[in-house]
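A structural walkthrough
Residue-level listing of the chains:
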Amino acid sequence: MYFGPDKPTQFPVGEFSAHVKTAEWLIQYDTAAWRLSEEVSHADMDLLQRTGKEWFVYRGRDSLWYGAYGRFQDTAYDLAMHYRINREDSIEIVTEPKPDTLMLHAVSRCIRSSYKQAGAILGRSYVRMNKFIRLNGDRSISIYLLPALQPAEVAMYGGEFHYRYDEYGRKLLEKQEYYRGGFKGLRLNTEREIKLIYEDVKFPTLGAVYFALRYRNRFREIRIETLESLSVLTFNQSRGYHWEHREKM
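Residues numbered from 1 in each chain as written. Predicted model: local features only at pLDDT ≥ 70, side-chain atom pairs only at ≥ 80, totals over all residues. Heavy atoms only, no water.

1. Focus: the nonpolar core
Defined as follows: Think of a nonpolar core as a cluster: buried Ala, Val, Leu, Ile, Met, Phe, Trp, Tyr and Cys residues, connected wherever their side-chain atoms sit within 4.5 Å. Residue exposure (1.4 Å probe, protein chains only): buried if accessible area is under 20% of the type maximum, exposed if over 50%, otherwise partly exposed. For the purposes of this entry, the term helix denotes a DSSP run of H or I that reaches at least four residues, the term strand denotes a run of E that reaches at least two, and both are numbered from the N terminus. Throughout, a contact is declared for two residues whenever any of their heavy atoms are within 4.5 Å.
Membership of the largest hydrophobic core comes to 75 residues, with the highest contact counts inside it found for Tyr29, Phe56, Leu196, Phe211 and Trp243. The element that contributes the greatest number of residues to this core is helix H1 (residues 13-40), accounting for eleven residues. Excluding residues within four positions of it along the chain, Phe56 makes contact with Tyr29, Tyr66, Gly67, Ala68, Tyr77, Met103, Leu104, Val107, Ile111 and Ile133.

2. Remarks on the pattern of salt bridges
In plain terms, the rule: A pair is scored as a salt bridge if a Lys or Arg side-chain nitrogen falls within 4 Å of a carboxyl oxygen belonging to Asp or Glu.
If you walk through the whole model with that rule in mind, you get 15 salt bridges. Between Arg214 and Asp30 there is a salt bridge, with its nearest N and O atoms 3.0 Å apart. Here Arg214, found in helix H4 (residues 206-214), pairs with Asp30, found in helix H1; they are 184 residues apart in sequence, far enough to count as distant. On the accessibility criterion, Arg214 (24% relative accessible area) is partly exposed. Given a relative accessible area of 6%, Asp30 falls into the buried group. Taking the shortest distance from any N to any O, the salt bridge between Glu221 and Arg223 comes out at 2.8 Å. Assessed through its relative accessible area of 12%, Glu221 is described here as buried.

3. With respect to the sheet that holds strand S9 (residues 189-198)
Defined as follows: One bridge is not enough; two strands pair if DSSP finds at least two bridges between them. Fitting a line to C-alpha atoms yields each axis, with helices limited to the stretch in contact; the angle taken between N-to-C directions then spans 0 to 180 degrees.
If you walk across this open sheet you meet the four strands as S9-S10-S11-S12, and the pairing is mixed. Of all strands in the sheet, those bounded by a partner on one side alone are S9 and strand S12 (240-247). Along the sheet, successive strands turn relative to each other by an average axial angle of 15°, direction set aside. Relative to strand S10 (residues 219-226), S9 runs parallel, the two sharing seven bridges. Of the residues in S10, the one forming a bridge with Glu193 is Glu221.

4. What to know about the sheet that holds strand S8 (residues 172-187)
Spatial strand order, S5-S6-S7-S8: four strands in an open sheet with antiparallel pairing. Edge positions in the open sheet fall to strand S5 (129-135) and S8, since each of these has one partner strand only. Neighbour-to-neighbour, the strand axes of this sheet turn through a mean angle of 15°, independent of strand direction. Pairing analysis gives five bridges linking strand S6 (residues 141-147) to strand S7 (residues 154-165), with the strands arranged antiparallel. Its bridge partner lying in S7, Ile141 is registered against Tyr165. Across the sheet, helix H3 (residues 101-122) lies against S5, S6, S7 and S8, angled at about 125° from S7, the strand it touches most.

5. Some words on the environment of Arg139
We count it as follows: Any N or O atom pair separated by 3.5 Å or less is treated as a polar contact, with the protein-specific requirement of one donor-capable and one acceptor-capable atom, and with residues adjacent in sequence counted only for side-chain atom pairs.
Relative to the assigned elements, Arg139 resides in the loop between S5 and S6. Judged by relative accessible area, Arg139 falls into the exposed class, the value being 57%. Separated by 54 residues in sequence, Arg139 and Ile85 have C-alpha atoms that sit 23 Å apart. Discounting residues that sit within four places of it in the chain, Arg139 has contacts with Asp166 and Glu167. A polar atom in the side chain of Arg139 sits 3.3 Å from the side chain of Glu167.

What follows is the structure in structure tokens.
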């Protein structure tokens, strides 16, 4: 990391590192969700029709990825399909053990609440969003909403939402929302160097870091420019992918 000669840095290295760690987890989640959902897409139509917006992926206590596909009916969760990526890295249907009913209900409430809160900020938007569900060690539940890859391989940035709830999904404990009235799109191109513009924040947001890591092999170089810093994710043969940060003078 480079911060310029003889200048004490104000760049939040610890916060940025935490963003990187969370973004790497989000990418793992996204990969698992894509694999499991591809499997589900081949299911019988009656099972697919029983799946609503409350489907989600989660990591079990055995550290394996599970997918719960169903619909929440206010007082009950209709679980249509339950899948797992096993230790051999293949996907299998799970019949036992059943996912915890209280967890299914709590996560469903969190999903509904998060979409409602983000929707109140976004208004009518045609940008598809991905949801990420994290069951935290303190039993709280985190929901992240970030732009999905859009049709025609357009990657979007400019809106991100994180909500953390209690273990029952009834009490909002924490929220971080970023949206300034519009998304910006960039078509994937491995020959292209791009810049993400965040003119209204001092340092990179989680969504900016996620974008850079998620699409790092789909652009030649990715820069994040904020009010007070410039962060560059680049690649070379000796160091692989690495970050460089510069504070603006």
